[in-house]
Amino acid sequence: MKNFVQPGRILAATLAVAVTSGQLVLLGNAKLPAVALGSYAANTEGEYDTTGVFSLPSATTGTAVVGDKAYWDETNGVVTTVATDNDPIGHFALPKAASDATVNVRLWL
């Protein structure tokens, strides 16, 4: 197929802020959830994985079961079960206890 470019799982983007390897970011105005594959300085192109299950920092409140929606609390930099004022990023891939400091999340496709 002559018009195929790439599978699309990994996207290159330049962000205005520095990021560290494994950090969740929201790309573009659509706020596409992606995880940094490396550490990148502000205004430097980096690669971001948009598909898969990632261990991410979690709010230490709320519980969830596998398949429940996961939201990103950008203010506090954590995954939460609370939809209000937060961005949907995927689904919980393991159960979440209220005290969990990290959770496994399957990012949206």
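This report concerns the structure included in the present document. Quick caveat: nothing in here was measured; it's all calculated off a predicted structure. (Residues numbered from 1 in each chain as written. Predicted model: local features only at pLDDT ≥ 70, side-chain atom pairs only at ≥ 80, totals over all residues. Heavy atoms only, no water.)

## Points about the overall build of the chain
- What the chain contains, in helices and strands, is 0 helices and 9 strands.
- Ordering the α and β elements of the chain from the N terminus gives β-β-β-β-β-β-β-β-β.
- For a compact globule of 109 residues, the expected C-alpha radius of gyration is about 13 Å, and the chain comes in at 14 Å, within 12% of that figure.
- Overall, the chain is about 45 × 35 × 20 Å in size when its C-alpha atoms are taken along their principal axes.
- Within the span of the chain, comprising 109 residues, buried residues form 35% of the whole.
- For the chain, contacts bridging at least 24 residues in sequence account for 47% of all contacts bridging at least 6.
- Of the accessible surface of the chain, which amounts to about 6,400 Å², a share of 54% is contributed by carbon and sulfur atoms. (Helix = DSSP H or I, 4+ residues; strand = E, 2+ residues; numbered from the N terminus. Rg over C-alpha atoms; globule rule 2.2 N^0.38 Å. Buried < 20%, exposed > 50% of the residue type's maximum accessible area, 1.4 Å probe, protein only. Contact = heavy atoms within 4.5 Å. Areas by Shrake-Rupley, 256 points an atom, 1.4 Å probe, with all protein chains shown as cover.)

## Concerning the sheet that holds strand 2 (residues 24-27)
- One open sheet holds the 4 strands; their spatial order is 1-4-3-2, and the pairing between them is antiparallel. Across the chains shown, the open sheet's two edge strands, defined by having one partner strand only, are strand 1 (10-14) and strand 2. Across this sheet, the average inter-strand angle for adjacent strands is 50°, counted without regard to direction.
- Bridge count between strand 3 (residues 32-36) and strand 4 (residues 45-49): 2 bridges; the pairing is antiparallel. (Pairing = 2+ DSSP bridges. Axes fitted to C-alpha atoms, helices over the stretch in contact; angles between N-to-C directions.)

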